[in-house]
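Fold and geometry: a report
Chain by chain, the residues run as shown.
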Amino acid sequence: MILLGAGGWKLRPYLARYVPYTFAVNSTGDGGDANLADGVCQTSTRGQCTLRAAIEQANARAGRDTIVFNVKGNGVHTIKPAFGPLPAITQPIVIDGYTQPGATPNTNPAGGPSNAVLRIELNGASAGSFANGLAVTAGYATIRGLAINGFAEGSAIHLENAGGSFIEGNFIGTDAAGTRDLGNRVGIAVFSGSNNNTIGGAAAAARNVISGNRDDGLQLGGTSNTVLGNLIGADATGARALANGGRGLTLTGSFNTVGGSAPDVGNVIAFNTEGGVGVLGATGNSILANSIHSNGGPGIDLPARASSLQPAPALSSAMAEDSTVHGILRTSAGATARLELFTTSTCDPRKSAGKTFVGSTSVTADDAGSAVFQARTDTALAVGEFITATSTDHSTGTSTFSKCVQVPGVFTVNSTADSGDASPNDGRCETVIPGECTLRAAIDEGNASGRMNFTRFAINGPGPHAITPESALPPIMQPMLIDGYTQPGAAPNTSPSGSPLTRLS
């Protein structure tokens, strides 16, 4: 600024303002920058800008610079550091692989495959022992649109004392197609002191594929970090296994969020060699609305005998007719928790899981620390599928998955006759008389179903109704609840003289 005063012309300098630089990588070579003082990304070869040189130039000046890509030629361009690891990133930066011609971010909605097209691959096969792909020691970095693989003794992305960063739209541990295992040791490592980072995001373009790594897909220290919308342990289709060799995700920091309460922001954490999510020495971590299934260990694994952790709900039943789930949560007196419900096709108590998120509700414990709940799911329940649940309290975090309950088939006995089922295992209790369901037919159908079933009664007339088998009823070979109190007019005993209206004789 120039001011005219009594003494003539005087100069008043502006406070220094940072002008951001953009460095365009146009080479897959690994040469360093020739002159860090000139603000130009250029190796000793005139006009050549490598990723190494671009990072060196960005580190040489304060403020947030951007690295874009414009490597000539079609297809995937692979950068292989050959002179040791790339420099640690010590200034805020944007590294955007989607600027390479031909690259496009994912547009598919959450839970589905990633259709991202990546054209820049960072491969660590020649980078040396214990090299990391991109090490960030400054906050406010954004890394997107890269396939990072082959760092067999390091991490693809390493955040240390680096908060406020965004890691989005990358394939971590796979090839550029997202279908082949080229794993790093760890996919993404976020160390203690690295807070408020976002891995993935709510937008479709932010989805990472974090799969095929030798150890964990993601190791998360620090606090207030968010992991959402990613495929962890699956290939880019989301349906095929591309396992991380450890867990999908290990949490060592407290008060982080994996998934979220908004619709369609959960992660798919599946097919990993060990568990889905492990929590080690940490508390207050919220694990919400994810699809966690088909892992080699528990879907959510918490430290044994840790009294400070959130208890899992105890489910008692789930009914397809009204899509309700019943159970009880025993927690702190007066505490309010978020109850989440999931369906899954199998039930293995050693590998508790929740594949499809089907709804949530809030439950509040009474003064004794108990909350009896009846929760309705957002989608209809199907006979034969299994239901699990988690509970989440902000201060203690998310529980393990509950033990599963199976949605039973429901047979309604409407006749006192004794005919058997006409077509066992067709899902219907029906004798040769259309619409007739007898007690014998209900047991026949239940035994053939291979699952739990619920038999209730709705026989016409005031009763009592006598069912008189002409021969011994078949032994009950599958779990079955037979409830005579469902007969209209029946009621359980409230005095010594009480008796049900439905009886078997």
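**Here's the deal with the sheet that holds strand S8 (residues 134–136)**
Within a beta sheet, neighbouring strands are joined by backbone hydrogen bonds and run either parallel or antiparallel to one another. Pairing is parallel across the open sheet formed by seven strands, whose spatial order is S8-S11-S14-S17-S20-S23-S26. Each edge of the sheet is formed by a strand with only one pairing partner; in this case those strands are S8 and strand S26 (300–301). Bridging between strand S17 (residues 218–220) and strand S20 (residues 249–251) involves three bridges; their strand directions are parallel. Note on S20: the bridge partner recorded for Gln219 is Thr250.

**Here we look at the sheet that holds strand S7 (residues 120–123)**
A sheet is described by the order of its strands in space; here eight strands give the open sequence S5-S7-S10-S13-S16-S19-S22-S25, paired in parallel fashion. Every other strand in the sheet has two partners, leaving strand S5 (77–79) and strand S25 (291–293) as the edge strands with one partner each. One ladder, built from two bridges, connects strand S13 (residues 171–172) with strand S16 (residues 209–210); its direction is parallel. The residue bridging Ile172 from the neighbouring strand is Ile210, located in S16.

**Brief notes about the side chain of Asp235**
As for its position among the elements, Asp235 is in the loop between strand S19 (231–232) and S20. Classification of Asp235 by relative accessible area gives buried; the value is 2%. A distance of 2.5 Å separates polar atoms of two side chains, one belonging to Asp235 and the other to Thr237. Those residues in contact with Asp235 that sit more than four places away from it in its chain are Gly178, Thr179, Val209, Arg240 and Leu242.

**As for the packing of aromatic side chains**
Aromatic rings in a pair are described by how distant their centres are and how their planes are angled relative to each other. Per the counting criterion, the structure on display carries three aromatic pairs. Where Phe342 meets Phe401, the ring centres are 5.4 Å apart and the plane angle is 80 degrees; that geometry is what we call edge-to-face. Of this pair, Phe342 sits in strand S29 (residues 336–344) while Phe401 sits in the loop between strand S33 (397–398) and strand S34 (405–406); the two residues are 59 residues apart in sequence, bridging distant segments of the chain. Neither Phe342 nor Phe401 differs from the other in exposure class; each is buried.

**Description of the confidence of the model for the protein**
The predicted model of the protein has a mean per-residue pLDDT of 92, with 94% of residues at 70 or higher. Across residues 1–16, confidence stays below pLDDT 50; counting only partners more than four residues off in sequence or on other chains, it has twelve contacts.

**Things to note about the environment of Gly187**
Along the chain, Gly187 turns up in strand S14 (residues 186–190). Taking the C-alpha atoms as reference points, Gly187 and Asn132, 55 residues apart in sequence, are found 9.9 Å from one another. Not counting residues up to four positions away in its chain, the partners in contact with Gly187 are Ser155, Ala156, Ile157, Ile172, Ile210, Asn213, Asp216 and Gly217.

**Describing the pattern of salt bridges**
Enumeration over the complete set of coordinates arrives at 13 salt bridges. When the shortest N-O distance is used, the salt bridge between Asp215 and Arg185 registers 3.6 Å. You can see Asp215 sitting in the loop between S16 and S17 and its partner Arg185 sitting in the loop between S13 and S14, a full 30 residues away along the chain. Accessibility expressed as a relative area gives 27% for Asp215, which makes it partly exposed. In this structure Arg185 comes out as partly exposed when scored by relative accessible area, which is 33%.

Rules of the game
Residues numbered from 1 in each chain as written. Predicted model: local features only at pLDDT ≥ 70, side-chain atom pairs only at ≥ 80, totals over all residues. Heavy atoms only, no water. Pairing = 2+ DSSP bridges. Helix = DSSP H or I, 4+ residues; strand = E, 2+ residues; numbered from the N terminus. Buried < 20%, exposed > 50% of the residue type's maximum accessible area, 1.4 Å probe, protein only. Polar contact = N/O pair within 3.5 Å; in protein donor to acceptor, adjacent residues only side chain to side chain. Contact = heavy atoms within 4.5 Å. Phe/Tyr/Trp six-rings, centres within 6.5 Å; stacked < 30°, edge-to-face > 60°. pLDDT = per-residue confidence, 0-100. Salt bridge = Lys/Arg side-chain N within 4 Å of Asp/Glu carboxyl O.

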